[in-house]
Structures are given as structure tokens and as C-alpha cells.
Amino acid sequence: MVSRNTLAALGSAAALLAALSACAPADDTTGASASASPTENPCPPGNLSTRTAGKLTIGTDNPAYDPWFSDNKPANGKGFESAVAYQVAQRLGYPAANVVWTQVPFNNAIAPGPKSYDMDINQFSITDERKQAVDFSSPYYLVRQTVITVKGTKIAGATTIADLRESKLGAQVGTTSYQAITDLIKPSTKPQVFNSNDDAKKALQNGTIDGLVVDLPTAFYMTGAELTDGLIVGQLPQVGVPEQFGIVLDKGSPLTGCVKQAVDQLRQDGTLAVLEKTWLAGTGGAPELQ
């Protein structure tokens, strides 16, 4: 089972985060509008050009999975991405009471066109292709793609990528997990695409597919808490530039520079490291597939 933090540990982390927030550096901003004067704050706290004045609307998918969120309730502040979102909101001058969550399907969030959110956080890997349609914040998490299965499948004992090539694999639509299958594993059978990881998990449970590719923390949660006899087969190799998660914003959003600055501050003052340790602890020990 995935390890769960005790209330005491969470309390300690919360206290540390409060201290970190209090001493956050006032870095120079980037992405300021051309019309801003040298003395004008391009990121006025709580007064940005948001969809609703005085509110920050944050999107994510439904269901919202552990360990990124908790109990499918993004607004509760629990889970790594929920906690990151509230920390970013705080740095932008929006306390929790002024944060509004909205449900946005994964593919819709990164599609061109009008957005129903100010920013969206949902394990979006930063890619050049996606940058054509949306803006990204600075990265807040380094990603590894991972193959999972259940006991008794043909890949349960796989130790190499070659061992996976004759198997039926699947991933959520539009994800870099699917791209990892096609570009790295290159199975002989076309991988299956699912609308959500929940649908993919059901296909794995009923034997429609032999294995599922997800990010590493999700792999640990699914195999430890959601799948009967779930197994982590292994992590896929990192190829090229490391894969990173970023917050998504509308293309050309006036908030992009401010959100980048907020994420940079969270990294520099150690808050991201604290949140990762609090919510993603125990997700680093998967075997490597060669």
C-alpha cells in the first residue's frame, strides 16, 4: 500500500510551509506587460486580470487522482497538485477563500480556444507541441513514465523494454504516457487509448490490456491502493530533455509571467521540495526498464 502521512507529519509540513511563505523572496517578475511603468507592480496581489475580479479560477480533471489530489476533492488542499495550486494562489494574492475550482477534461484544457479557467493543474507535461496552443508555468515536478500491471499477466515478470513489445498496452488519451508507449516501447500491437486513467485501470483489471503506462506517483498509488494484485513493472528510460509538469494557462494569458514567478519562488525557497516530500514520499524505488 502507498504510505500515508500521519496527522503529525502533515501538521509539521504545514507549519514549515507557513514559515516558507512568510519569507518568500520578492523576486523581480518576468512577463510584465509592455505598458507597465518601472514602478508599477505587473503582478498586483489579488488584483490580476482573472476571469472573475478578485477570484482565481483553477481547473483540473474529474476524477482527480491521488496522490495529486485527495478523495477527488481538489478544493480540500490535500494532495501534491492541490497543495501546489493553493501555494501559487497565495503568492498571487488569492487566499483559499478566493480560489474557485472548475472541472476541465484533460484534452479540453490544452486545446486551442477560449478557456474556462485562469490556470489548470493536472499533470500536464510541458511539450513544444502543446506550447503552440497554451502557455505553461515554470516546471513544478520532474516526471518518469512507468509501466504497471497485475499478477498473472504476460508482462508481470518483465525486466526489459523488449519484454513488453508483444503485449497489449494502454494509456490515457493525449498524454505523454501514450507517447512513451509509441516512441519508447513500440509494441507490435497498437496501444489502446482511454478517456481517463480510471477507464484504463478497468481495462487492466478485466484483462483487455496487459499493462498501463502512467507517471510514477500514480503508478505507486494505483498498484498500492486501487488494483488488486497490482504490480509496478518498471520505469521507462528518460530520453532527451527530462519530462516536467507545468501549470497550463491560456495562450498569451496576462497571468503567465506572474504564475511563472510564483512557481519559481516556490522552488527557490524550498516549498516545492516540502510538498513533494509530504505528498509523494515513497515513490522513488521502482525498477528501471532497459
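Participant: Outline the packing of aromatic side chains, supporting the account with residue identities and numerical values.
Facilitator: Under the criterion given, the structure shown has ten aromatic pairs. Taking 6.0 Å as the distance between ring centres and 65 degrees as the angle between the ring planes, the aromatic pair formed by Trp68 and Phe80 counts as edge-to-face. In this pair, Trp68 sits in the loop between strand 1 (56–60) and helix 2 (80–91) while Phe80 sits in helix 2, placing the two residues twelve residues apart along the sequence. Accessibility expressed as a relative area gives 0% for Trp68, which makes it buried. Taking 5.5 Å as the distance between ring centres and 65 degrees as the angle between the ring planes, the aromatic pair formed by Trp68 and Phe245 counts as edge-to-face.

Participant: I'd like a rundown of the pattern of salt bridges, residues and numbers included.
Facilitator: Any two side chains of opposite charge can pair if their charged atoms end up close together. For the coordinates displayed, the defined rule picks out eight salt bridges. One salt bridge in this structure joins Asp135 and Lys251, with 3.9 Å as the shortest N-O distance. Of the two residues, Asp135 sits in strand 4 (residues 134–142) while Lys251 sits in the loop between strand 10 (244–250) and helix 8 (256–268), which places them 116 residues apart along the sequence. On the basis of relative accessibility, which here comes to 46%, the residue Lys251 falls in the partly exposed class. Ionic pairing is found between Glu226 and Lys201, a salt bridge with its closest N-O pair at 3.5 Å. One end of the pair, Glu226, is in helix 7 (residues 216–226); the other, Lys201, is in helix 6 (residues 197–205), and 25 residues separate them in sequence. For Glu226, a relative accessible area of 24% puts it in the partly exposed group. One salt-bridge network, in which partners are shared between bridges, spans Asp198, Lys201, Lys202 and Glu226.

Participant: Any details on the nonpolar core? Residues and values, ideally.
Facilitator: By size, the foremost hydrophobic cluster in this structure holds 35 residues, and its most contacted members are Val88, Leu92, Met119, Ile121, Tyr140 and Val259. Taken together, the elements giving at least two residues each to this core come down to strand 1, helix 2, strand 2 (99–103), strand 4, strand 10, helix 8 and helix 9 (271–279). Ranked by residue count, the leading element in this core is helix 2, at seven residues. When residues no more than four places from it in sequence are discounted, the contact partners of Val259 are Val88, Leu92, Met119, Ser137, Ile247 and Leu249. Judged by nonpolar contacts, the second largest core, of 14 residues, contains Leu164, Ile181, Leu236 and Leu289.

The rules behind the values
- Residues numbered from 1 in each chain as written.
- Predicted model: local features only at pLDDT ≥ 70, side-chain atom pairs only at ≥ 80, totals over all residues.
- Heavy atoms only, no water.
- Phe/Tyr/Trp six-rings, centres within 6.5 Å; stacked < 30°, edge-to-face > 60°.
- Helix = DSSP H or I, 4+ residues; strand = E, 2+ residues; numbered from the N terminus.
- Buried < 20%, exposed > 50% of the residue type's maximum accessible area, 1.4 Å probe, protein only.
- Salt bridge = Lys/Arg side-chain N within 4 Å of Asp/Glu carboxyl O.
- Core = buried A, V, L, I, M, F, W, Y, C linked by side-chain atoms within 4.5 Å.
- Contact = heavy atoms within 4.5 Å.

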